[in-house]
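Structural overview for review
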Amino acid sequence: MKKDISIIGVPMDLGQTRRGVDMGPSAIRYAGVVERLENLTQTIEDLGDIEIGSRERTTTGESNLKNLKAVAEASENLASKVDEVLSNGRFPLVFGGDHSIAIGTIAGLAKHYSNMGVIWYDAHGDLNTGETSPSGNIHGMPLAVSLGIGDSTLTKIGGDHAKIRPENIVIIGARSLDEGEKVLIKEKGIKVFTMHEIDRMGMAAVMEEAIAYLRERDTDGVHLSLDLDGLDPHDAPGVGTPVLGGISYRESHLAMEMLEEANILTSAEFVEVNPILDERNKTATVAVALMGSLFGEKLL
Ligand SMILES: NC(=[NH2+])NCCC[C@H](N)C(=O)O
Ligand SMILES: [Mn+2]
Ligand SMILES: [Mn+2]
């Protein structure tokens, strides 16, 4: 089933401290995303980038969350844009920016889905709060925020309620979790396929289980939040927080192909592409190739 896709760029780097990830949307566009997806989709439009209010970096005394105000503002803008795209019956395809943008994406999606599933493809859990975060970087918090856990400036974006349920989340590729994140995963019963499971079961079985798991939950929509650092840094070097021993390029293609075959996705985002840390736009090119598979590209 061919989709009507609307691209939204989010040139945001305030959720972490390494500069350059704000150029991610441009890098993905230069890697030829529209050309690649044109023949795979019903229609595709590029809505350009959303407004990022203040780019000033602040560490206000009241909170240890870095650039809290600016991240919250950008998230509000993104949430309304995603909401608008869905209201037009189209598939939101969001380009980051650091992973804090998922707060806005999911807040916008939650206006349309009350039992949404989320696939979090990532080396990290992004389940920190101001209290558990080792860094104060908001890109390590978006999944917790979407569960309604954390600073109220962030959890109230798009309405003061949890946007997703813990049992509707599947994390794939985890290999770096902070202590507080481990506690939250156990407490909330979040489904996680760590690198151990991927090694042991193989990606095909992992994706089969992940898809079956979300189907059993009767989700009314499924969002893919793909952090490029979920992949091994050899395949995706242009990321701010690389972790060795990640998912391979091939395994990732298979994962995307299986999601396409299952036809369960209603939105997607690709985040953490940092062109300054990249090698000849390799990571953006990998992201675009994965999108090819995600929207049905076949060799024969
Ligand atoms: N989206 C990401 N790359 N997140 C990395 C988070 C790293 C670490 N767990 C932190 O909270 O600071
Ligand atoms: Mn990550
Ligand atoms: Mn992440």
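As recorded in an unreviewed UniProt entry, the protein chain goes by Arginase and comes from Sutcliffiella horikoshii. Under the heading Catalytic activity (unreviewed entry), UniProt records this for the protein chain: "L-arginine + H2O = urea + L-ornithine".

What follows is about the coordination of the manganese ion (ligand 3). The manganese ion (ligand 3) binds to the protein through His99 (ND1), Asp122 (OD), Asp126 (OD) and Asp227 (OD), with metal-donor distances spanning 2.0 to 2.2 Å. A separation of 3.1 Å is found between the manganese ion (ligand 3) and the manganese ion (ligand 2), both of which receive a donor from Asp122. Linking Asp126 in the loop between strand S4 (117-121) and helix H5 (142-146) with Asp227 in strand S7 (residues 222-227), this pair joins segments that are 101 residues apart in sequence. On the basis of relative accessibility, which here comes to 5%, the residue Asp126 falls in the buried class. Relative accessible area serves as the criterion here: at 2%, Asp227 is assigned to the buried category.

The next thing to look at is the site of ligand 1. Close contacts around ligand 1 come from 13 residues, with Asp126, Asn128, Ser135, Asp178 and Thr241 the closest. Here a nitrogen atom of ligand 1 sits 3.2 Å away from a polar atom, N or O, in the side chain of Asp227. A distance of 3.0 Å separates a nitrogen atom of ligand 1 from a polar side-chain atom of Asp229. Protein contact buries 93% of the 350 Å² of open area that ligand 1 shows by itself. Broken down by class, the residue content of the shell around ligand 1 amounts to one nonpolar, seven polar and five charged.

Going through the model one piece at a time under the given rule, you end up with one aromatic pair. Between Phe91 and Phe295, the aromatic rings sit 5.4 Å apart at their centres with planes inclined by 80°, giving edge-to-face as the arrangement. Of the two residues, Phe91 is situated in strand S3 (residues 91-96) and Phe295 in the segment after helix H11 (282-294); the sequence distance between them amounts to 204 residues. Since its relative accessible area comes to 8%, Phe295 is described here as buried. If you follow Arg217 out to its NZ or CZ, it ends over the ring of Tyr213, 3.9 Å from the centre.

All right, on to the coordination of the manganese ion (ligand 2) then. Protein coordination at the manganese ion (ligand 2) comes from Asp122 (OD), His124 (ND1), Asp227 (OD), Asp229 (OD) and Asp229 (OD), with a distance range of 2.2 to 2.4 Å. Site description for the manganese ion (ligand 2): donor spacing in sequence, D-x1-H-x102-D-x1-D. Asp122 sits in the buried class, given a relative accessible area of 0%.

Across the sheet, which stays open at both edges, the eight strands sit in the order S2-S1-S3-S8-S7-S4-S5-S6 with parallel pairing between neighbours. The sheet terminates laterally at strand S2 (43-49) and strand S6 (191-194), the two strands that pair on one side only. Looking at each pair of strands side by side, their axes are set apart by 15° on average, direction ignored. Note: S4 against S7, five bridges, orientation parallel. Counted as the bridge partner of Gly117 is Val222 from S7. Relative to the sheet, helix H9 (residues 203-216) contacts S4, strand S5 (169-174), S6 and S7, its axis offset from that of S5 by approximately 165°. Sheet strands in contact with helix H10 (residues 249-262) are S4 and S7, and its direction is about 170° off that of S4.

About the thresholds
Numbers given for residues are sequential positions, taken from 1 along each chain in its written order. Working convention: letters from A go to chains and numbers from 1 go to ligands, in the order in which they are written. In keeping with the predicted nature of the model, local features appear solely for residues at pLDDT of at least 70, side-chain atom pairs appear and are counted solely at 80 or more, and the whole-chain, interface and lining totals rest on all residues. The side-chain values count all of the structure's non-hydrogen atoms but skip hydrogen atoms and water molecules. UniProt positions are given in the numbering used here, feature names are shortened, and annotations may be inferred rather than shown by experiment. Only nitrogen, oxygen and sulfur atoms qualify as donors, and only when within 2.8 Å of the metal (3.2 Å in the case of Na, K and Ca); with water excluded, sites may look incomplete. Helix and strand labels come from DSSP, where a helix needs a run of H or I of at least four residues and a strand needs a run of E of at least two; each type is numbered from the N terminus. Only protein chains enter the calculation, and the probe is 1.4 Å; a residue is then buried if its accessible area is under 20% of its type maximum, exposed if over 50%, and partly exposed in between. Nearness of a residue to a molecule or strand requires only that one of the residue's heavy atoms be within 4 Å of it. Identification of polar contacts relies on pairs of N or O atoms within 3.5 Å, with a donor-acceptor requirement for protein atoms, meaning one able to donate a hydrogen and the other able to accept it, and with residues adjacent in sequence counted only if both atoms are side-chain atoms. Surface accessibility follows the Shrake-Rupley procedure with a 1.4 Å probe radius. Residue values consider only the protein chains on display as shielding. Under the scheme applied here, ten amino acids are nonpolar (Ala, Val, Leu, Ile, Met, Phe, Trp, Tyr, Cys and Pro), four are charged (Asp, Glu, Lys and Arg), and all others, including Gly, are polar. Stacked, tilted and edge-to-face pairs are distinguished by plane angle, under 30 degrees for stacked and over 60 for edge-to-face with tilted covering the rest, among Phe, Tyr and Trp rings (Trp via its six-membered ring) whose centres lie within 6.5 Å. Over a ring means this: the NZ of a Lys or the CZ of an Arg is within 6 Å of the ring centre and within 35 degrees of the ring normal. For two strands to be treated as a pair, DSSP must find no fewer than two bridges joining them. Between N-to-C directions, angles cover 0 to 180 degrees, with each direction set by a line fitted to C-alpha atoms, over the stretch in contact for helices. The contact definition used throughout considers only heavy atoms, calling two residues in contact when any of these lie within 4.5 Å.

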